[in-house]
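Descriptive structure summary
Residues per chain are reported as follows:
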Amino acid sequence: MSHEIRTPLNVILGGTEHVMMTRKNDPKLLSELEIILQSGERLLSTINSILDMAKIEAKKIDIVKQQTEVIAFIKKIVYPLSSLAGKKGLLLEENYPRPSVEGLIDQRFTAIILNNLIGNAIKYSEKGRIQVDVSQEGKWLNILVKDQGIGISPEFLEKVFDPFEQESTGNGRKFDGTGLGMTITNSLVKMLGGSIQIDSEKGNGTTVIVQIPLSEI
């Protein structure tokens, strides 16, 4: 399924980008192709989330830990997200109390967790700052993502990790998505033997704290 769906979709996206590069002097065509590209990227993101969730539920996703210079690795993940935040007029502020942290991590899992948490902070913020703190506490890696966005109601906070749940639904839904991002994030954190905590207030932003081991705990 992964190959049969992703391969043709990647060809469509690649072909669209190629035409956009070769027809830069045709504003009307570029506008139409941009809609195709955005829709294709949204579809690919949805497919990736559903396939990841299916693998987790079927226990077909393995933990592969490797020795990593964690701060350097995380900076590479955060860099493009910082650019994305900037396009919305948001300031993404990174804080690393220690310049270097060495440890065993699953790089793929860590990247997915960071992309989901920071991606959500960007998605649900219209102004202000997004704070990303990464620190080490003994054999544990602590990741804090704090935003000044729309926040989460107490009612929805109780089911934020449930699959396919979104706070805004139906015709009045303001934000796109599958409702799988936090489900996947929570599952991966638990698989790694870590913990996740969410503090939020409607209209006053959200703080997520993730703690994952830097060893074979």
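To be clear, the structure that these remarks concern was listed above.
One structure accompanies this document, and this report is about it. Only a predicted model underlies this, so the values are computations on that prediction, with no experimental measurement involved.

What counts, and at which threshold
In every chain, residue numbers begin from 1 and rise along the written sequence. Residue-level local features of this predicted model are given only where pLDDT is at least 70; pairs of side-chain atoms are given and counted only at 80 or more, and the full residue set underlies all totals for whole chains, interfaces and linings. Excluding hydrogens and water, the side-chain figures rest on all heavy atoms present in the structure. Axis definition: a line fit to C-alpha positions, over the contact stretch in the case of helices; interaxial angles, taken between N-to-C directions, run 0 to 180 degrees. Each helix is a run of DSSP H or I of at least 4 residues and each strand a run of E of at least 2, with the numbering of both proceeding from the N terminus. Convention used here: angles under 35 degrees read as roughly parallel, angles over 145 as roughly antiparallel, angles from 65 to 115 as roughly perpendicular, and any remaining angle as oblique. Note on convention: near helix rotated counterclockwise from far helix by under a right angle means a left-handed crossing. Clockwise means right-handed. Should any heavy atoms of two residues lie within 4.5 Å, those residues are counted as being in contact. Only Asp, Glu, Lys and Arg are considered charged in this grouping, and only Ala, Val, Leu, Ile, Met, Phe, Trp, Tyr, Cys and Pro are considered nonpolar; every other residue, Gly among them, is considered polar. Any two strands with at least two DSSP bridges between them are considered paired. Note on definitions: salt bridges are taken to be side-chain nitrogens of Lys or Arg within 4 Å of carboxyl oxygens of Asp or Glu. To sort residues, take the accessible area from a 1.4 Å probe on protein chains only and compare it with the maximum for the residue type: under 20% means buried, over 50% means exposed, and anything in between is partly exposed. In this analysis a 1.4 Å probe is tested at points of a 1 Å grid over the protein atoms alone, and where it fits but cannot get out there is a cavity; an open set with protein on both sides within 12 Å along at least five of seven lines is a pocket; lining residues have an atom within 4 Å of a point. Grid points are joined across faces, edges and corners, and a volume is the space filled by probe spheres set on the points.

Right, let's talk about the packing of helix 3 (residues 70–87) against helix 4 (residues 107–123) for a bit. Think of two packed helices as two axes; the pair is described by the angle between the axes and how far apart they sit. Following both chains from N to C, one finds helix 3 and helix 4 inclined at 25 degrees, their axes separated by 10 Å at the closest point. By the angle class used here, helix 3 and helix 4 are roughly parallel. Crossing of helix 3 against helix 4: the hand is right-handed. Taking contact as the criterion, the partners of Phe 73, Ile 74, Ile 77, Val 78, Leu 81, Leu 84 and Ala 85 in helix 3 are, on helix 4, Gln 107, Thr 110, Ala 111, Leu 114, Asn 115, Ile 118 and Ile 122. When its residues are assigned to classes, the contact of helix 3 with helix 4 shows eleven nonpolar, three polar and no charged.

Glancing now at the sheet that holds strand 4 (residues 129–137). With mixed pairing, the five strands of this open sheet are ordered in space as 2-4-5-7-6. Sheet topology places strand 2 (91–95) and strand 6 (195–200) at the edges, where each strand pairs with a single neighbour. Adjacent strand axes in the sheet meet at a mean angle of 10 degrees, parallel and antiparallel pairs treated alike. Pairing between strand 4 and strand 5 (residues 140–146): seven bridges, direction antiparallel. Paired with Ser 135 across the bridge in strand 5 is Asn 142. On the sheet, helix 3 packs against strand 2, strand 4 and strand 5 and is oriented at approximately 170 degrees with respect to strand 2. Where helix 6 (residues 181–191) meets the sheet, its contacts fall on strand 6 and strand 7 (206–213), and the angle it forms with strand 6 comes to roughly 140 degrees.

It is worth spelling out the pattern of salt bridges at this point. With the rule as written, the count across this model stands at four salt bridges. With its nearest N and O atoms 3.8 Å apart, the salt bridge here joins Lys 88 to Glu 126. With Lys 88 in the loop between helix 3 and strand 2 and Glu 126 in the loop between helix 4 and strand 4, the pair connects residues that are 38 residues apart, well separated along the chain. Overall, Glu 126 belongs to the partly exposed group, its relative accessible area being 48%. Here Arg 129 makes a salt bridge to Glu 93, at a shortest N to O gap of 3.4 Å.

Once that is clear, we can look at empty space enclosed by the protein. With the rule as written, the count across this model stands at one cavity of 30 Å³ or more. Forming the walls of the largest cavity are Lys 65, Leu 104, Ile 105, Asp 106, Thr 110, Leu 192, Ile 212 and Pro 213. Looking at the lining of the largest cavity, the elements with two or more residues in it are strand 3 (102–105) and strand 7. Residues of the lining of the largest cavity, tallied by class, amount to five nonpolar, one polar and two charged.

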